[in-house]
Amino acid sequence: MTTSPGALSHLKVLDLSRVLAGPWCTQILADLGADVVKVEKPGEGDDTRKWGPPFVKDAAGNNTEHASYYTAANRNKRSVTIDMAKPEGQALIRQMAAQADVLVENFKVGGLKKYGLDYASLQAVNPRLIYCSVTGFGQTGPHAERAGYDLMIQATSGMMSITGRPDDVPGGGPQRVGVALTDIFTGVYSATAILAAIETRHRTGAGQHIDMALLDVGMAILANQAASYLNAGIVPQRQGNSHPSLAPYQDFPTADGSMLLAIGNDGQFARFCAAAGRPEWAQDPRYATNTLRVTHREVLIPAMAEVTRTRSTAEWIALLEDKAVPCGPINDIGQAFADEQVQARGLAIAQQREDGLAIRSVASPIRLGDYPVQLRHAPPTLGQHTDEVLAELGLDAAHIAALKQGGVV
């Protein structure tokens, strides 16, 4: 566990979010040193605590009752249980918000107003509060009231329409991305927006409301595919692992499986051709430029596949590695964590929880030279820090006991 101050160790974050997009945002802030207090419903907690299998295994390799999903987005946080449906619970959260720099929530639009925990109510209590709302469709528009989940957004945004194989090939049809991509990106964008709001507060002294929508993010991360439609009127289609604007940029068969070639310029293509024993391809007028290779991919790709089948994946990687031709294996996740570069970067980490359970997760990719990412708390047990946090609010043991007796915490 790290005890040195983090880049955001001066910030207090009140986390009223559940599932993935909001918790991913607050975990980023927590990794950077912010004190993130996660408020969960007594006896239940974040929905993802029950999203299993799979479950975290104990030292003997047996399943526990703790879903592994929760551990992906909740390290470095302190968990308190508060029933916000009770007036006493609402009062506690308002007291916490009065001392917070940032609040993150992902309730339906207007869902916290009945508790007096909406932005207008809490801004009156703490004008410096940065209040980030994460919803499926945003605070405005005809669909603002709808609940939004990642899968729905992947479908609505068009992401699924460009993911998977074409309809006319075996296995064709729309596919979701293998992780909740719009949730994850919404968390990243939200953390970025919060940091921008903090920077603004340095100048103005005032907080602000941030309106983050999964749909907005889902549309934004269409990136070049959206640009194709907006600027060229082209509706992108599914084409498996190939790229609409680059060739060869896809998977290829090898003698023992498959590999990935990601050739992004003419020089890389020429070096591949020379290494593969087909230097004439680089001189062929059909393949001289990337645009020509894209145009003639139906001829080029099958010809390349015949050559790539003559060596194993490892042999191709060894052959091309010193020639600056991007080539690599198509790993499963287990193989990825066994990769020597992944291990050298320390991307698999372990933290021990107060009950002795070892929780493993992926290290933050943020590498700050002077204020490195913090590892302070393992993903907490439900309500693990309730007494501690309430004591910091000034409540004595008798008051805390009474709140427990009343089911408020």
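Residues numbered from 1 in each chain as written. Predicted model: local features only at pLDDT ≥ 70, side-chain atom pairs only at ≥ 80, totals over all residues. Heavy atoms only, no water.

A. Geometry of the packing of aromatic side chains. A complete count under the given rule lists three aromatic pairs for this structure. An angle of 85 degrees between the planes, with centres 5.1 Å apart, marks the rings of Trp 51 and Tyr 69 as edge-to-face. Here Tyr 69 lies in helix α2 (residues 68–71) and Trp 51 lies in the loop between β2 (35–40) and β3 (55–57), a separation of 18 residues in the sequence. The lysine or arginine in question, Arg 49, covers the ring of Tyr 70, its NZ or CZ lying 3.9 Å from the ring centre. Positioned above the aromatic ring of Trp 316 is the side chain of Arg 311, whose terminal nitrogen or guanidinium carbon lies 5.0 Å from the ring centre. (Phe/Tyr/Trp six-rings, centres within 6.5 Å; stacked < 30°, edge-to-face > 60°. Helix = DSSP H or I, 4+ residues; strand = E, 2+ residues; numbered from the N terminus. Lys NZ or Arg CZ within 6 Å of the ring centre and 35° of its normal.)

B. Region of the structure containing the pattern of salt bridges. Counted by the stated rule, this structure contains 17 salt bridges. Linking Asp 46 and Lys 38 is a salt bridge whose minimum nitrogen-to-oxygen distance equals 2.9 Å. Summarising the burial analysis for this pair, Asp 46 and Lys 38 share the class buried. Where Glu 306 meets Arg 309, a salt bridge forms, and the shortest distance between an N and an O atom there is 3.0 Å. (Salt bridge = Lys/Arg side-chain N within 4 Å of Asp/Glu carboxyl O. Buried < 20%, exposed > 50% of the residue type's maximum accessible area, 1.4 Å probe, protein only.)

C. Focus on a nonpolar patch on the surface. Side chains of Trp 51, Tyr 149 and Met 152 sit close together on the surface and give an oily, nonpolar patch of about 310 Å² of accessible area. Tracing the backbone through its elements, the reader meets Met 152 in helix α5 (residues 150–156). Met 152 sits in the partly exposed class, given a relative accessible area of 35%. (Patch = residues over 30% accessible without salt bridge, like charges linked within 9 Å, V, L, I, M, F, W, Y side chains within 5 Å. Areas by Shrake-Rupley, 256 points an atom, 1.4 Å probe, with all protein chains shown as cover.)

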